[in-house]
Protein chains: 2
Amino acid sequence: MDYDTPLFFHIMQYAAAADRDVIDLVSGGPDWEPPTALREGLHDYADGDPAEFQYPPSDGLRDLREEIAARRGVDVDRVVITNGAGEANYLAIAAALERDAGSEIILTDPVYPYYPGKAQMLGADVRLVPVADDGGLDVAAMQDAASEETAAVLVNSPNNPTGAVYDAETMEAMADLAEDHDALLISDEVYDHYDYSGRFESALAFDSPHVVVTNSFSKSMAVTGLRVGYAVFPPHLVDAARTRHMLVNVTGARPSQAAVLRALRETGPDYYEASRDLLRERIDAFTDALDAAGAEYIAPEGAFYVFARFEGFPGTLDNVERLVDEAGVACMPGDTFGTYDEWVRFALVTPRAEEAAHRLADYDF
Amino acid sequence: MDYDTPLFFHIMQYAAAADRDVIDLVSGGPDWEPPTALREGLHDYADGDPAEFQYPPSDGLRDLREEIAARRGVDVDRVVITNGAGEANYLAIAAALERDAGSEIILTDPVYPYYPGKAQMLGADVRLVPVADDGGLDVAAMQDAASEETAAVLVNSPNNPTGAVYDAETMEAMADLAEDHDALLISDEVYDHYDYSGRFESALAFDSPHVVVTNSFSKSMAVTGLRVGYAVFPPHLVDAARTRHMLVNVTGARPSQAAVLRALRETGPDYYEASRDLLRERIDAFTDALDAAGAEYIAPEGAFYVFARFEGFPGTLDNVERLVDEAGVACMPGDTFGTYDEWVRFALVTPRAEEAAHRLADYDF
């Protein structure tokens, strides 16, 4: 996991330079339309009074915080608007370490690589706990890993890269683990709109002073570039998080916040259902083709990634580059996500996902 | 300097709740129009392809970095687009500390309060060095303060809150100081478009591996809420800064970057001159009225603040609240900016600045 020259840039550049058509399944930026109201919100903002071009409150536009608080069933004072879930997770990990109740962050393996990167930057020790074979959380292993050194356990459901969804029982066990070890449960729920299992449970369901939930509108509204996320902190931790947010970023971008606020108010369930249906169809078509290719994969219950491996074809950078050149498909090597160097990750955020799967099915691994 | 409940929120709330008309000279958000091209850039962005709503490169839109690099005369690889100068200064201080060449950050007194806040959050020791009576840098005192423990000296010219502008000789002395003590000179130049003295010199004039320059479009384009800033790092420090930026924020907001790019390309010198003329007139009118009120103040050479004191009327929070209630003028207590508890700061970012000055001239201090 090298953060200096992100591997995904390298692979995207390699794919762009290839002497053939390549389907990009590398990065996680949605390819579908943002809500109409979001575009309208940006237009309205652009015509606003000069005062609207100035600093919003450091913790975000009050109306946006209230809309989020109402939807999540929490007090508005617990909500901090951040520069995407990226900053929300940074603030949450910092909050865990500032409690001086341990310096270890427990993560899953495979893991979204920014988590260990953030934790290490903040001075934490990182402990990776392998997931179960079906991608689900190995609750007993997580419990075994926890100790008085545990500052936080950070989980992501629906999961990037496995597509696993953690049910209520699993999430409650993690909240209990945090309480038992005087740690925080940090629950990154950015893919909460993409649960195909019906089993997703937010960590906010467990009203605990040991739970921080992070989220963003990047995936639900297909706007990773707008950088509007949020964290819901327990009341006793929110002031310190707000201070760090102010000292790092002052505040987040106001045009983005205004546009998301408008979209949040005016976008009906049809929009979210359409995106979910689109992705479910892509996943079905893609995994059908993987079956035809004889690949092993974790069947996604949520999100929009497929974590897979091909017999005798480990997911090394060399092999990923071979897939670009010889199959016309670009994906991410598995060791980006921890120790899974046999695996690769496909991000199904292109209308050509099914075509890519057929190329894989036709490829002689 | 309390970051948990920012004093300026308290004073703005106090002013808003007052039972009379109050002129707000508290916060530093411009009250004039952003460039027309910036509004047009937001409109165009709002109509863009869905792909434009996704992550820009982590270090910012390439075209924006190139426009900045060309204007600043530096290699584009040295430019990182940040979430305002706030994040740029955070990255610069972190870069200084990560060099493991000292843990002390030297700042001026008075000081923009976010600087010591960021430095302390990052684990630095902070040393405040009083400025000269005219607000200028006391170069000898800065040199005396520097030692092998010095990680960075951070200066701000044109200055908030004093309005001082540091000339070429002063800036060169600071660059030399950084080289002599194996430290960084961090030069925050966000008010560079508001130099009324003609003496402003960017630290980039001294081609040194010990110089980091931070800046933003917040003040020059009157868009503090858009959060587009940048840092120019020496080549050997840029990778680590880029990594921290990615791990904290992933990237900055793309609508804001697109709008600033458009404005940077299409806004002529007339726009910047008009803002500068407006502020110079406000400063002249305001300081004339302060003369009439018998106040002492530092005559601003740049930026848009006036740092002043009134005989027998120290700038305590109580007195600031009295000015709200009895004079109808809201300002910032001086101890927000270091040890200057006799002083207050007026931000001239309201068309009613001159009216406020007349209220002060009429007030019986």
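A quick note: this is a predicted structure, and the numbers were derived from the prediction, not measured.

Draft legend 1. The arrangement of the sheet that holds strand β13 (residues 344-347) of chain A in detail. Residue and element names in this part refer to chain A. In spatial order, the strands read β9-β10-β13-β12; together these four strands make up an open sheet with antiparallel pairing. One side of each edge strand has no neighbouring strand; the edge strands of this open sheet are β9 (296-297) and β12 (332-333). In this structure, strand β10 (residues 305-309) lies alongside β13, joined through four bridges in antiparallel fashion. Residue pairing in the sheet places phenylalanine 307 in a bridge with arginine 345 of β13.

Draft legend 2. Region of interest: the pairing of strand β10 (residues 305-309) of chain B. Residue and element names in this part refer to chain B. By the criterion of burial, β10 is predominantly enclosed, with four of the five residues buried. In the sheet, strand β9 (residues 296-297) pairs with β10 via two bridges, with the strands oriented antiparallel. Each residue of the ladder has a partner; that of tyrosine 297, found in β10, is alanine 308.

Draft legend 3. The arrangement of the UniProt feature "domain: Aminotransferase class I/classII large" (unreviewed entry) in chain A in detail. As annotated in UniProt, the feature "domain: Aminotransferase class I/classII large" (unreviewed entry) corresponds to residues 21-351 of chain A in the numbering used here. A helix fraction of 39% and a strand fraction of 17% characterise residues 21-351 of chain A, whose end C-alpha atoms lie 15 Å from each other.

Draft legend 4. Spotlight on the relation of the copies chain B and chain A. By a simple turn and slide, chain B fits onto chain A: the slide is 0.0 Å along the axis, the RMSD is 0.0 Å, and the turn is 180 degrees. Overall, the copies show the geometry of a two-fold rotation axis. Among all residues of chain B, the one whose C-alpha sits closest to the rotation axis is histidine 43 of chain B, at a distance of 2.7 Å.

Draft legend 5. Main features of helix α2 (residues 36-46) of chain B. When α2 of chain B is considered as a whole, its buried residues turn out to be Ala37, Leu38, Arg39, Gly41, Leu42, Tyr45 and Ala46 of chain B. Here the buried face of α2 of chain B lies against α2 (36-46) and α9 (254-266) of chain A together with α9 (254-266) of chain B.

Draft legend 6. Representation of the interface of chain B and chain A in the model. Taken together, the contact pairs 55 residues of chain B with 55 residues of chain A. Carbon and sulfur atoms make up 59% of the surface buried where chain B meets chain A, a total of about 4,700 Å² over both sides. Inspection of the chain B/chain A interface yields zero salt bridges. Counting only elements with at least two residues in the side of chain B that touches chain A, the list comes to α2, α4 (84-98), α5 (114-121), α8 (235-249) and α9 of chain B. Examining the composition of the side of chain B that touches chain A, we find that seven residues originate from one element, α8 of chain B, more than from any other.

Draft legend 7. The pattern of salt bridges, seen in detail. Going through the model one piece at a time under the given rule, you end up with 48 salt bridges over all chains. One connected set of salt bridges, linked through shared partners, spans Asp21, Arg352, Glu355 and Arg359 of chain A.

Draft legend 8. Highlighting the packing of aromatic side chains. Residues and elements named next belong to chain A. If you walk through the whole model with that rule in mind, you get 42 aromatic pairs over all chains. A ring pair is formed by tryptophan 32 and phenylalanine 304, whose centres lie 5.9 Å apart and whose planes are at 85 degrees; its orientation type is edge-to-face. Of the two residues, tryptophan 32 sits in the loop between β1 (23-24) and α2 while phenylalanine 304 sits in the loop between β9 and β10, which places them 272 residues apart along the sequence. Owing to a relative accessible area of 8%, tryptophan 32 belongs among the buried residues under this scheme. Judged by relative accessible area, phenylalanine 304 falls into the buried class, the value being 0%. Taking the centre distance of 4.9 Å and the plane angle of 85 degrees together, the rings of tyrosine 363 and phenylalanine 365 count as edge-to-face. A relative accessible area of 28% means that phenylalanine 365 is categorised as partly exposed.

Draft legend 9. Highlighting a negative patch on the surface. All names here are of chain A. Residues Glu169, Glu172, Asp176, Glu179 and Asp180 make up a contiguous surface patch of negative charge. As for its position among the elements, aspartate 180 is in helix α7 (residues 168-180). According to the relative accessible area criterion, aspartate 180 is exposed, its value standing at 63%.

Draft legend 10. Examining the environment of leucine 25 of chain A more closely. Residue and element names in this part refer to chain A. Topologically, leucine 25 is positioned in the loop between β1 and α2. Accessibility expressed as a relative area gives 0% for leucine 25, which makes it buried. Along the primary structure leucine 25 and tyrosine 305 are separated by 280 residues, whereas in three dimensions their C-alpha atoms are 9.0 Å apart. Leucine 25 has contacts with Phe286, Val329, Ala330, Cys331, Arg345, Phe346, Ala347, Thr350, Ala353 and Ala356, leaving out every residue within four places of it along the chain.

Draft legend 11. Representation of the side chain of threonine 224 of chain B within the structure. If you trace the backbone, threonine 224 of chain B turns up in the loop between β7 (211-216) and β8 (229-232). Here glutamine 54 of chain A takes part through its side chain, which lies 2.6 Å from a polar atom of the side chain of threonine 224 of chain B. For threonine 224 of chain B, the side chain forms a polar contact with the main-chain nitrogen of tyrosine 55 of chain A, separated by 2.8 Å. If we ignore the near neighbours within four places in the chain, the residues touching threonine 224 of chain B are Phe53, Gln54 and Tyr55 of chain A together with Gly28, Gly29, Pro30, Ser218 and Lys219 of chain B.

Conventions and cut-offs
Residues numbered from 1 in each chain as written. Chains lettered and ligands numbered in written order. Predicted model: local features only at pLDDT ≥ 70, side-chain atom pairs only at ≥ 80, totals over all residues. Heavy atoms only, no water. Pairing = 2+ DSSP bridges. Helix = DSSP H or I, 4+ residues; strand = E, 2+ residues; numbered from the N terminus. Buried < 20%, exposed > 50% of the residue type's maximum accessible area, 1.4 Å probe, protein only. UniProt positions renumbered as here; feature names shortened; annotations may be inferred. Least-squares fit on C-alpha atoms with pLDDT ≥ 70 in both. Contact = heavy atoms within 4.5 Å. Buried area = accessible area lost by both parts, 1.4 Å probe. Salt bridge = Lys/Arg side-chain N within 4 Å of Asp/Glu carboxyl O. Phe/Tyr/Trp six-rings, centres within 6.5 Å; stacked < 30°, edge-to-face > 60°. Patch = residues over 30% accessible without salt bridge, like charges linked within 9 Å, V, L, I, M, F, W, Y side chains within 5 Å. Areas by Shrake-Rupley, 256 points an atom, 1.4 Å probe, with all protein chains shown as cover. Lys, Arg positive; Asp, Glu negative; His and termini not counted. Charge placed at Lys NZ, Arg CZ, Asp CG, Glu CD. Polar contact = N/O pair within 3.5 Å; in protein donor to acceptor, adjacent residues only side chain to side chain.

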